[in-house]
Amino acid sequence: MAESVSYTEKLKAWNRKEVEKIGEKAPVTTPYPFIDIEKPPEYRGIPHINPEKCVGCGACVNACPPDALIMEWDKEHGVKRLTYNAARCIRCARCIEVCPTGAMEPTTRFEIATNSKEDLVEVVEHRLAYCEECGEYLDFTERQIEYVKNILPKEIFDMYALEDRMKLTQDAKMRVTVEKLRELEGVEYPAYLLAKRGDE
Amino acid sequence: MARLKSVWVYHVDAGSCNGCDIEVLDVISPYYDLERLGIKVVPNPRHADALLITGPLTRQTRIGIRKAYEAMPPKPRIVVAIGTCASSGGIFYNSYALYNTSPERGRDRLRSGGPEMVVPIDMYIPGCPPSPEEILYGIAQLLGIKEKKMHGEYWKALPPGEEGDGVSFTIPERPLSLRLWITLRDELRRVVGYYDRDAVLDDFMKLLEQAQKDENPRERLHDLVTGYFLKEKDSRVKVAMRFLEETYWSLVDEYGEWGESLRKIGKSART
């Protein structure tokens, strides 16, 4: 394990039940339901969505084999809800692997038995961005747009005038692009052809 | 509700892959010893107070489950669903072989499916398969030894820069750009799994932060990574660290070239 959290250190911190709590002579049977225990650090418990980091891109929904993660679309109210249900989850940790923001967090939680399935549901409600021209809701959340703004370099935004077109629906985007190209008729090549690597 | 009397259980398989059945066997073994709680597995539903169901309820087993449920004494008639399949249908939820009458074909928020289509269920123990402790916890909760710990969550994610009723958005601070971080994280997947990946990347960030203070970050980072290399005992982490260093500099070069050419084009387009 890596330096910051050494695996052996983690194992030492793991609250082993028999040795400390019962004394030297551990009985064969675990005293588990009558004491509290922890699972080892690498135990694959149910994952957990961190709503501070989640952008609502749906990468986890694509990756989830048993559809424990589902995106609920509600375009009339301008929201989409990422719902996670531990009752469907097989703990394969694919969602943790594909999450681009690190919002899916692994846990070692194992005490999840319940008498009602309502307790196993986690929902994150995301607000959709809306088109500045026609007022319709887009497919993206405002957090997604903010995240893309942080990823792409500034030159690309300048070159394609992305700032103006980012919050538009597909139709409006096409119209604006055609208008822009007409303005630039004097230029020999359109801008996207010039962007090839090494071409000056 | 604590039950003072011993609960006798009847274990029935509703088309499971036998993973959960083996875990039920484990729970009866001397280490976990379910029988000290008064639980006894009996071979006949007429003697049983509780039904342990594993499996996603295939069409063929539907009638058998119903019959076993009706054969049990009318009180207390507890049903325990063991495993993800028995809780919601699991990975088989939309299979042709299953009996699933849920209106949205198991894609509603509660993910209905499994044996709850024919019998009411008192305790869900999800897991694929659930470890013996998980099964013990579920049964201890039925007997009133343990308390319920899970509860549902509903968060409202606020758009960036907004505060109020909900959770605000944060992007963690890092010593390199978000674009590089995402690419590095994705590349690192080739050499380490999900469990070690974030820890290794965090360590690399720390080294990078130290190296960036130096005049010659390339050599300094190489020294730091070599020091890490000598200290670390796990060879997989060593390989991942070297891989990260190489990938980082190749990415920096590549993106640098891109940036240069982009800036040139930007200038020529403006003039």
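Residues numbered from 1 in each chain as written. Chains lettered and ligands numbered in written order. Predicted model: local features only at pLDDT ≥ 70, side-chain atom pairs only at ≥ 80, totals over all residues. Heavy atoms only, no water.

## Observations concerning the overall build of chain B
Moving on, step 1. The number of helices and strands found in chain B is eight helices and six strands.
Moving on, step 2. Against the globule reference of 18 Å for 271 residues, chain B gives a C-alpha radius of gyration of 28 Å, more extended than a compact globule.
Moving on, step 3. Structurally, chain B occupies a C-alpha span of about 85 × 50 × 40 Å along its principal axes.
Moving on, step 4. Split into buried and exposed, the 271 residues of chain B put 48% on the buried side.
Moving on, step 5. For chain B, the accessible surface area stands at approximately 14000 Å², while carbon and sulfur atoms represent 51% of it.
Moving on, step 6. For chain B, the distance from the average site of its 38 positive side-chain charges to the average site of its 39 negative ones is 6 Å. (Helix = DSSP H or I, 4+ residues; strand = E, 2+ residues; numbered from the N terminus. Rg over C-alpha atoms; globule rule 2.2 N^0.38 Å. Buried < 20%, exposed > 50% of the residue type's maximum accessible area, 1.4 Å probe, protein only. Areas by Shrake-Rupley, 256 points an atom, 1.4 Å probe, with all protein chains shown as cover. Lys, Arg positive; Asp, Glu negative; His and termini not counted. Charge placed at Lys NZ, Arg CZ, Asp CG, Glu CD.)

## Section: the overall build of chain A
Moving on, step 1. For chain A, the helix and strand inventory stands at nine helices and six strands.
Moving on, step 2. A buried classification covers 48% of the 200 residues belonging to chain A.
Moving on, step 3. Long-range pairs, those at least 24 residues apart, make up 62% of the contacts in chain A between residues at least 6 apart in sequence. (Contact = heavy atoms within 4.5 Å.)

## A word on the domain arrangement of chain B
Frequently, the measure chosen for interface size is the accessible area removed from exposure when the parts meet.
Moving on, step 1. The domain architecture assigned to chain B consists of domain 1 (8-143) and domain 2 (178-270).
Moving on, step 2. The straight-line distance from the C-alpha centre of domain 1 of chain B to that of domain 2 of chain B is 49 Å. (Domains from an automatic or database assignment.)

## Some details on the pairing of strand E5 (residues 121-130) of chain A
Looking along a regular strand, one sees the side chains alternate between the two faces of the sheet.
Moving on, step 1. Judged by how many residues are buried, E5 of chain A sits mostly within the fold: eight of 10 residues are covered.
Moving on, step 2. Pairing of strand E3 (residues 79-85) of chain A with E5 of chain A, which is carried by seven bridges, proceeds in the antiparallel orientation. In the sheet register, Lys80 of chain A faces E5 of chain A, and the bridge partner there is His126 of chain A.
Moving on, step 3. Here E5 of chain A pairs with strand E6 (residues 153-157) of chain B via five bridges, running parallel. Within E6 of chain B, the position partnered with Val123 of chain A by the bridge is Tyr154 of chain B.
Moving on, step 4. Counted between consecutive antiparallel strands, the loop separating E5 of chain A from strand E6 (residues 137-141) of chain A contains six residues, among which Gly135 of chain A sits at a positive phi close to 80 degrees. (Pairing = 2+ DSSP bridges.)

## Some thoughts on the packing of helix H6 (residues 194-213) of chain B against helix H7 (residues 217-231) of chain B
All names here are of chain B.
Moving on, step 1. Between H6 and H7, the shortest axis-to-axis distance is 9 Å and the interhelical angle comes to 140 degrees. Comparing their axes, H7 and H6 come out oblique. Taken as a pair, H6 and H7 cross one another with a handedness that is right-handed. Seen from H6, the contacting residues are Asp203, Phe204, Leu207, Leu208, Gln210 and Ala211; seen from H7, they are Pro217, Arg220, Leu221, Leu224, Val225 and Tyr228. (Axes fitted to C-alpha atoms, helices over the stretch in contact; angles between N-to-C directions. Parallel < 35°, antiparallel > 145°, perpendicular 65-115°, else oblique. Left-handed = near helix turned anticlockwise from the far one by under 90°.)

## Structural notes on the sheet that holds strand E3 (residues 50-54) of chain B
All names here are of chain B.
Moving on, step 1. Strand order in the open sheet formed by five strands is E2-E1-E3-E4-E5, and the pairing between neighbours is parallel. Bordering the open sheet on either side are strand E2 (40-41) and strand E5 (123-125), each of which pairs with just one other strand.
Moving on, step 2. Relative to E2, strand E1 (residues 8-13) is paired through two bridges, and the arrangement is parallel. The residue bridging Val9 from the neighbouring strand is Val41, located in E2.
Moving on, step 3. Across the sheet, helix H4 (residues 132-143) lies against strand E4 (78-82) and E5, angled at about 165 degrees from E5, the strand it touches most.

## Structural notes on the packing of aromatic side chains
Residues and elements named next belong to chain B.
Moving on, step 1. Tallied over the entire structure, the rule returns six aromatic pairs over all chains.
Moving on, step 2. Taking the centre distance of 4.7 Å and the plane angle of 85 degrees together, the rings of Tyr31 and Tyr32 count as edge-to-face.
Moving on, step 3. Exposure remark for Tyr31: the relative accessible area of 28% places this residue in the partly exposed category.
Moving on, step 4. Note on Tyr32: relative accessible area 14%, which makes it buried.
Moving on, step 5. Aromatic side chains Tyr248 and Trp249 sit 4.9 Å apart centroid to centroid with 65 degrees between the ring planes, which places their arrangement in the edge-to-face category.
Moving on, step 6. Judged by relative accessible area, which is 14%, Trp249 ranks as buried.
Moving on, step 7. What links up through ring pairs into an aromatic cluster is the set Phe204, Tyr248 and Trp249.
Moving on, step 8. Positioned above the aromatic ring of Trp8, the side-chain terminus of Lys40 is 4.6 Å from the ring centre.
Moving on, step 9. The ring of Trp181 carries Arg174 above its face, with NZ or CZ at 3.5 Å from the centroid. (Phe/Tyr/Trp six-rings, centres within 6.5 Å; stacked < 30°, edge-to-face > 60°. Lys NZ or Arg CZ within 6 Å of the ring centre and 35° of its normal.)

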